[in-house]
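Topology and contacts: notes
Each chain, letter by letter, is given below.
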Amino acid sequence: MNKEAIQQKIDNLNKPKGSLGRLEELAMQICLVQQTLEPALSHPCHILLGADHGIEREGVSVSPREVTWQQMINFTRGGGGVNMFCRQHGFHLRVVDVGVDHDLSAVSGIIDRKIARGTRNFRYEAAMTEAQYAQAFDIGRQLVDDCAAEGCNVLCIGEMGIGNTSPSSVWMHLLGGVPLEECIGAGAGLDASGMRHKYEVLRESVDRFLESNHNSLIAQVIRYFGGFEMVTAIAAMLHAASRRMLVLVDGFIMTACALAAVRLQPQSQDCMIFTHCGDENGHRRMLEVLHARPLLNLGLRLGEGTGALCAYPIVDSAVRMMREMNNFDNAKITKYF
């Protein structure tokens, strides 16, 4: 299926040429991913990954660590923002513990894939070992395979992990080439003093890393600073792309994961739909690095994949346009362009 055939169908739908704007661009992307003129969205799944971060011990987040496990339990009870949007848009929600610093093994509704109880503190050492990095990749691939086995072809990924804006900022700096001070935001609500402290901690961490990794590879950057939920998300994005599934990319943290995934495998971006520009400082800049145009700008910064879920009806509209709109010939309307 080539672009010309898809464009011909889009242009022959009974509407002025180009009049459905971004929906037409989305339709083109989806048709290319699915290699069909009759795209479809089936069994949408949302994977919510939870983990804790060693760097949180440095006071880089206003929220305490225990919020991670408390929210994970809340998700199983249906009380989170992510639960509401999944119910609204018909997504099958999987809540997965890949590294929460709390025993959640007995909690019904949480899939136990714990790698460790949080990463190590990257201010002083790599966040995870090579074996843990590989394990996170295996988990991400398996989660996607589980969704695909149910018939899923559109995937949303969210995260829960206090402190995860810090590794996201570092990835944006090292993988995106953006000055570190432009990559740091308030996270869950740091004040100006807190943001200065966060910058100093991350600057020291990056300098320490670069001193011992002069020719650092992309995978080294990801492993040294990443969280278990973030590396699992990268693996899920890459594997979903390899299976020609659509990947709805959420806010600052998931866009950082998308950036890392694209740096590892540039072609994976073909399957990514960047759903919104969040309120976290630097998100817009990171989208610019990826040459990505987000669908929404609602000032969101909750995470959990909520922004991506909000944008799903727009994606659905693009698919319905291709499947349900009539063309000029069948509608017996004079083509006026």
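The text that follows walks through the structure, step by step, so that each part is easy to find.

Definitions and cut-offs
- Residues numbered from 1 in each chain as written.
- Predicted model: local features only at pLDDT ≥ 70, side-chain atom pairs only at ≥ 80, totals over all residues.
- Heavy atoms only, no water.
- Buried < 20%, exposed > 50% of the residue type's maximum accessible area, 1.4 Å probe, protein only.
- Helix = DSSP H or I, 4+ residues; strand = E, 2+ residues; numbered from the N terminus.
- Pairing = 2+ DSSP bridges.
- Core = buried A, V, L, I, M, F, W, Y, C linked by side-chain atoms within 4.5 Å.
- Contact = heavy atoms within 4.5 Å.
- Axes fitted to C-alpha atoms, helices over the stretch in contact; angles between N-to-C directions.
- Parallel < 35°, antiparallel > 145°, perpendicular 65-115°, else oblique.
- Left-handed = near helix turned anticlockwise from the far one by under 90°.
- Nonpolar A, V, L, I, M, F, W, Y, C, P; charged D, E, K, R; others polar.

Focus on the pairing of strand S1 (residues 45-51)
- Burial of S1 is extensive: seven of the seven residues sit out of reach of the surface.
- Residue alternation in S1 divides its side chains into two sets, Cys45, Ile47, Leu49 and Ala51 and His46, Leu48 and Gly50, and both sets are buried.
- In terms of strand pairing, S1 meets strand S2 (residues 92-99) through seven bridges, oriented parallel. Paired with leucine 48 across the two strands is valine 95, which belongs to S2.

Brief notes about the nonpolar core
- Formed by 71 residues in total, the largest nonpolar core has its most connected members in Leu155, Trp171, Phe225, Ile234 and Met237.
- Beyond its immediate chain neighbours, meaning those up to four positions away, leucine 155 contacts Cys45, Ile47, Val144, Cys147, Ala240, Met245, Leu246, Val247 and Leu248.

Focus: the packing of helix H4 (residues 81-89) against helix H12 (residues 306-324)
- Running from N to C, H4 and H12 cross one another at 20 degrees; their axes reach a closest spacing of 9 Å. When the axes of H4 and H12 are compared, the pair comes out roughly parallel. Crossing angle aside, the handedness with which H4 passes H12 is left-handed. Contacts between H4 and H12 involve Gly81, Val82, Phe85, Cys86 and His89 from the former and Thr306, Leu309, Cys310, Tyr312 and Pro313 from the latter.
- A breakdown of the residues in the contact of H4 with H12 according to their chemical character gives seven nonpolar, three polar and no charged.

What to know about unusual backbone geometry
- Notably, histidine 43 is not glycine yet its phi reads approximately 40 degrees, a positive angle.
- Along the chain, histidine 43 falls in the loop between helix H2 (21-34) and S1.

Remarks on the sheet that holds strand S6 (residues 272-274)
- Strand order in the open sheet formed by six strands is S3-S2-S1-S4-S5-S6, with parallel pairing between adjacent strands. Strands at the two margins of the open sheet, each flanked by one partner only, are strand S3 (110-112) and S6. On average, adjacent strands in this sheet sit at an angle of 30 degrees to one another, irrespective of strand direction.
- Across three bridges, the pairing between strand S5 (residues 246-249) and S6 is parallel.

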